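The chain contents come next:
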Amino acid sequence: MEKKEVFVRKASGLVRNISAWDAMVLNIMVMAPTAIFVYGVWASALYPGADLPMTALLAIPISIIVGLFYAVYSAAMPRSGGDYIWISRTLHPAIGFMCNFFLFMVMLSVAGSYVPWFTQWALAPILEALGYTELASFVASTEFTFIFAVIYYLICAAIISRGAKASTIALWIFFILVIVGFVVYAATLLSLGPEQFAANFSAQTGMNYQAVIETAKEAGYPGKFLLDATLLGLAFTYINFLGFNSTIYVAGEMKDVQKSQFIAIIGAVIIFGLISWLGYYATYAGMGGTFVGAISYLAETGHPAYTLPFAEPFFPFLFRYATNTATYCFYLFTWSMMILAAILTYIMLTVRFVFAWSFDRVIPTALSKVDRRYNSPYMALIFVTIIAIILQAAWLWTPLLSYFAYIVFGWMIMQIIASISAIVFPYRRKDIYEKAPAIVRKKIGPISVLTILSILSIIIAAWLGYASLSPTMVGTVDPIILVFTFGLYALGLVIYFISSMYHKKTGIPLELSFKEIPPE
Amino acid sequence: MAKMRIYFTTDIHGSEVCFKKFINAASFYKADIIILGGDITGKAIIPITEKADGTVQCRFLGENITVNKGKTLEELIQKIRNVGFYPYITSSAEVKELFSNEKKMSELFMNLSVKELSRWLEFTEKRLKGTKTKCFISPGNDDSQIIDRVLNSSECIINPNEKLVTIDGDIEMLSLGYSNITPWKCPRDITEEELYRKIDQLASAIKKPDKTIFNIHVPPYDSGIDLAPELDANMRPKLEPGGRVKMAPAGSKSVKDAIIKHQPLLGLHGHIHESKGFTKIGRTLCLNPGSEYQEGILRGALIQLSDGKIKDFLFVAG
């Protein structure tokens, strides 16, 4: 507000807490930068001819469109809780809870799947490269993975219990380490060139670099980049972008939220996109794009010509043929920090979800108890840690993880529901819409920008939801897993309605939480 | 009364739509008693000036707005009122003068506060007259003393400030709109000692502490419902490494001591908008519903009492 155009008297004011830059780092870490080095191999293998650096560049504008949708919607209702609040206010609190509960399960399932990434794809290869072969196989075991998971979840709980400041510092340390490692990776490969890599690879693996390409071509690999494969491979790269909007869940604590949300979301997409592009580009420049596609293809099709000591030729593993052992180990160590950071962010966000549900009385109020010294919700933290450990055991010793195979599809349903709520928002919550900042009310012709962005968000979600269920990506669509995915949503609804019935009995219906009081 | 439902809200800071929602909350939530816990008046005036072509203009929510007189002007005025500002139709010359004359500006604020509050009370009378709803509206630390006479003059509301009132049966309510000293030196900021003395004086007449409600604007110190950004000498938030704002408890130690001493049934607080929450101090449940008045959302708390005990409570955003 201009000082000379509005009279303002001295009065107490509201100040928010999280800076745009802290928020951006949170978003980047939820996206797990350089996880793309794993996803890229799957994209290359499933869609032979996919141009990976191009997929990263294409994912940026797509993510920006969806990111703008979330940023604009967040500007209309800048409250912590994000789409949980938006959907609850515009559609129904039960639908809001259902979506948020699904995301809670998704985040803890992803955390559970990431722990083996650390033990089996980072720690074990480092030990193996250093010559500790027996120790390497021990740390890759299921038992050690579980012990590590328990210890790391407890470390996460300890960090989060020390308040938001400790979590922010931890995230910044992880972020810096990931970036340093990434710079080492990119600089090494960009200065190396495919010829030297080919010579190293052939000398150290017993496989012949050129023969890999030729064998793959004979087996059906196109040997060149194809547009359709690139567009399909884009789905994998975009999956790794998911999470760029995580700051909508902390909007109530962000400084200058309307501006900061744009910086945090769009900034995270651009930085993450450029990291992904540079990572792919450096990989292609250093190892050769055709070779990367060819070896991924051979590995994924189970071709006998693939004889590397690891099941899949993830880029961090191939990096060992580009550099010396010390640099390779250092890089793997920094790469693994991405995994640990992502798990920390998932625990942080799920703790917030539980805290918010408890506040809204959907689950017992005991779960919203806060430690006064650090203002951390310790009961929600204990609850989430216990659930995470139980799920981790289930992931490792039961086939439960396989039932989460369609979480991207489920996530897209959530995005569609959020987008629908945005389309109806100007009509269902006219009171909030009319007082929203100009950016929310901006129109192109007769249609509001928010509506246009919502429609685009639905189209993108439908495409990605479809792609994530396509036979190439998941094999034959399993109806049981599909039912399980919808079942997670249904479970959220069941929890909500049980709670609702309980509160009706004690006196105050939960449905009143977000109902607008008619002003006139 | 065996069963009683209370609706409590606070810190609407001039938002007309929030005030109307507060009054309508009685029928909407089927509340027997509705309580507005202070900080009622607005914080800013939007001057609306006439242009040579007969249209009027102002700057509102970051936009320069020009409208024709008549219906569109009325709509604009309503929008301004709904976010908690006072519309003021004036001339460019007067705007200039007001900016250079602090005393005149202050008088204008007082006059507009009284005028707008009087309009609100007319609305209240229309809605609540003839109903069984008991409506309590007390001032907060942000409100000038001038509004007390307006509140006291109304027949359909009760200003419980600095009183111990019986709200129903044997349920009593002690109300205070004061706060400990804030960095803004608001009209009802007083020292901790004065605050304690006022509470103690009122509390000495309490019949049954376990059936008493403390409707005290400022929350108890270090209770988790009183966290606010710590400010430096220039009123800017202090930052921690990484740009994070340093938060600190800003409630009142006197209020906390009084709650520990008297152990009332319920503590109803506001004052710190960003610190929505609940906490238990001994057997006392303390609530701060926070505030979202600028978005036109009325945050409140519903409390269900049964036989003088809290059966359930729920934060609502209406």
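Residues numbered from 1 in each chain as written. Chains lettered and ligands numbered in written order. Predicted model: local features only at pLDDT ≥ 70, side-chain atom pairs only at ≥ 80, totals over all residues. Heavy atoms only, no water.

### With respect to the overall build of chain B
Each helix and strand in chain B was counted, giving seven helices and 19 strands. Expected size for 318 residues packed as a compact globule is a radius of gyration near 20 Å; at 20 Å, chain B falls within 12% of this value. Each of the three principal axes of chain B carries a C-alpha extent, and together these read 65 × 55 × 35 Å. In chain B, buried positions account for 61% of the 318 residues. Accessible surface for chain B amounts to roughly 12,500 Å². Of this, 50% is attributable to carbon and sulfur atoms. Considering chain B, the positive charge centre built from 44 side chains and the negative charge centre built from 41 side chains are found 4 Å apart. (Helix = DSSP H or I, 4+ residues; strand = E, 2+ residues; numbered from the N terminus. Rg over C-alpha atoms; globule rule 2.2 N^0.38 Å. Buried < 20%, exposed > 50% of the residue type's maximum accessible area, 1.4 Å probe, protein only. Areas by Shrake-Rupley, 256 points an atom, 1.4 Å probe, with all protein chains shown as cover. Lys, Arg positive; Asp, Glu negative; His and termini not counted. Charge placed at Lys NZ, Arg CZ, Asp CG, Glu CD.)

### Details of the nonpolar core
Formed by 230 residues in total, the largest nonpolar core has its most connected members in A:Tyr114, A:Phe201, A:Trp335, A:Ile347 and B:Tyr7. For this core, the element with the highest residue contribution is helix 5 (residues 93-129) of chain A, accounting for 23 residues. (Core = buried A, V, L, I, M, F, W, Y, C linked by side-chain atoms within 4.5 Å.)

### Here's the deal with the packing of aromatic side chains
Enumeration over the complete set of coordinates arrives at 66 aromatic pairs over all chains. Ring centres 5.8 Å apart and planes at 80° place the aromatic pair A:Trp42 and A:Phe314 in the edge-to-face group. Residue A:Trp42 is located in helix 2 (residues 36-46), and its partner A:Phe314 is located in the loop between helix 13 (289-300) and helix 14 (315-318); the two are separated by 272 residues in the primary sequence. For the pair B:Phe19 and B:Trp120, a centre-to-centre distance of 4.5 Å together with 20° between the ring planes defines the contact as stacked. Placement of the pair is B:Phe19 in helix 1 (residues 16-28) and B:Trp120 in helix 4 (residues 102-128), with a sequence separation of 101 residues. Overall, the relative accessible area of 0% leaves B:Phe19 in the buried class. Over the aromatic face of B:Phe313 sits the side chain of A:Arg361, whose NZ or CZ is 4.1 Å from the ring centroid. The ring of B:Tyr221 has B:Lys253 sitting right over it, with the charged end atom 4.8 Å from the ring centre. (Phe/Tyr/Trp six-rings, centres within 6.5 Å; stacked < 30°, edge-to-face > 60°. Lys NZ or Arg CZ within 6 Å of the ring centre and 35° of its normal.)

### Points about the packing of helix 7 (residues 142-161) of chain A against helix 15 (residues 325-359) of chain A
Residue and element names in this part refer to chain A. The N-to-C vectors of helix 7 and helix 15 enclose an angle of 60°; their axes lie 10 Å apart at closest approach. With respect to their mutual orientation, helix 7 and helix 15 come out oblique. For the crossing formed where helix 7 meets helix 15, the hand is right-handed. Between helix 7, through Phe148, Tyr152, Tyr153, Cys156, Ile159 and Ile160, and helix 15, the contact on the second element is made entirely by Leu340, Ala341, Ile343, Leu344, Ile347 and Met348. In the contact of helix 7 with helix 15, the residues fall into twelve nonpolar, no polar and no charged. (Axes fitted to C-alpha atoms, helices over the stretch in contact; angles between N-to-C directions. Parallel < 35°, antiparallel > 145°, perpendicular 65-115°, else oblique. Left-handed = near helix turned anticlockwise from the far one by under 90°. Contact = heavy atoms within 4.5 Å. Nonpolar A, V, L, I, M, F, W, Y, C, P; charged D, E, K, R; others polar.)

### Concerning the packing of helix 10 (residues 209-218) of chain A against helix 13 of chain A
Residues and elements named next belong to chain A. One way to put it is that helix 10 packs onto helix 13 with a least axis distance of 9 Å and a crossing angle of 65°. Between helix 10 and helix 13 lies a crossing whose hand is left-handed. Across the interface between the two elements, Tyr209, Val212, Ile213, Thr215 and Ala216 of helix 10 pack against Thr290, Phe291, Ala294, Ile295, Tyr297 and Leu298 of helix 13. Each residue belonging to the contact of helix 10 with helix 13 can be placed in one class, and the counts come to nine nonpolar, two polar and no charged.

### Concerning the side chain of A:Ser368
Structurally, A:Ser368 is set in the loop between helix 15 and helix 16 (378-397). A polar contact of 3.1 Å, which involves the side chain of A:Ser368, links it to the side chain of A:Ser358. Filtering out sequence-adjacent residues up to four positions away, A:Ser368 remains in contact with A:Phe355, A:Ser358, A:Phe359 and B:Phe278. (Polar contact = N/O pair within 3.5 Å; in protein donor to acceptor, adjacent residues only side chain to side chain.)

### Comments concerning empty space enclosed by the protein
Residues and elements named next belong to chain A. Throughout the structure, instances matching the rule amount to five cavities of 30 Å³ or more. Empty space within the largest cavity amounts to approximately 60 Å³. Along its surface, the largest cavity is lined by Tyr70, Asp83, Leu103, Met107, Gly243, Asn245, Ser246, Tyr249, Trp411 and Met414. At the level of elements, helix 5 and helix 17 (407-428) are the ones that each hand at least two residues to the lining of the largest cavity. Split into classes, the residues belonging to the lining of the largest cavity amount to six nonpolar, three polar and one charged. Approximately 50 Å³ is the volume attributed to the second largest cavity. (1 Å grid on protein atoms, 1.4 Å probe; cavity = no way out; pocket = protein on both sides within 12 Å on 5 of 7 lines; lining within 4 Å. Points joined across faces, edges and corners; volume = space filled by probe spheres on them.)

### As for the pairing of strand 3 (residues 44-50) of chain B
Residues and elements named next belong to chain B. Of all seven residues in strand 3, six are buried, a share of seventy percent or more. The sheet contact formed by strand 3 and strand 6 (residues 85-90) spans six bridges and is parallel. Among the inter-strand pairings, Ile48 is bridged to a residue of strand 6, identified as Ile89. Relative to strand 4 (residues 56-60), strand 3 runs antiparallel, the two sharing two bridges. Its bridge partner lying in strand 4, Thr49 is registered against Gln57. Counted between consecutive antiparallel strands, the loop separating strand 3 from strand 4 contains five residues, among which Gly54 sits at a positive phi close to 95°. (Pairing = 2+ DSSP bridges.)

### Things to note about the side chain of B:Ser144
Here B:Ser144 is to be found in the loop between strand 7 (134-137) and helix 5 (146-153). Look past the residues within four positions of B:Ser144 in its chain and what remains in contact with it is B:Met110, B:Pro187 and B:Arg188.

### Focus: the confidence of the model for chain B
Looking at chain B as a whole, its pLDDT mean stands at 91, while 97% of the residues score no less than 70. Across the assembled chains, the prediction reports ipTM 0.84 with pTM 0.81. (pLDDT = per-residue confidence, 0-100.)

### Section: the pairing of strand 12 (residues 212-216) of chain B
Residue and element names in this part refer to chain B. For strand 12, the tally of buried residues reaches five of five residues, placing the bulk of the element in the interior. Burial of the side chains of strand 12 extends over both faces: Thr212, Phe214 and Ile216 are buried on one face and Ile213 and Asn215 on the other. One ladder, built from five bridges, connects strand 9 (residues 171-176) with strand 12; its direction is parallel. Bridged to Leu176 within strand 12 is Ile216. Direction of pairing for strand 12 relative to strand 15 (residues 266-268): parallel, over a ladder of three bridges. Counted as the bridge partner of Asn215 is Leu268 from strand 15.

### Here's the deal with the interface of chain B and chain A
Contacts between the two partners involve 72 residues from chain B, matched on the other side by 56 residues from chain A. Counting across the interface, chain B meets chain A through three salt bridges. A salt bridge links A:Arg89 to B:Glu292, with the shortest nitrogen-to-oxygen separation between them at 3.1 Å. Where chain B packs against chain A, one counts nine residue pairs in polar contact (both at pLDDT 80 or more). For the side of chain B that touches chain A, a count of residues per class yields 38 nonpolar, 16 polar and 18 charged. (Salt bridge = Lys/Arg side-chain N within 4 Å of Asp/Glu carboxyl O.)

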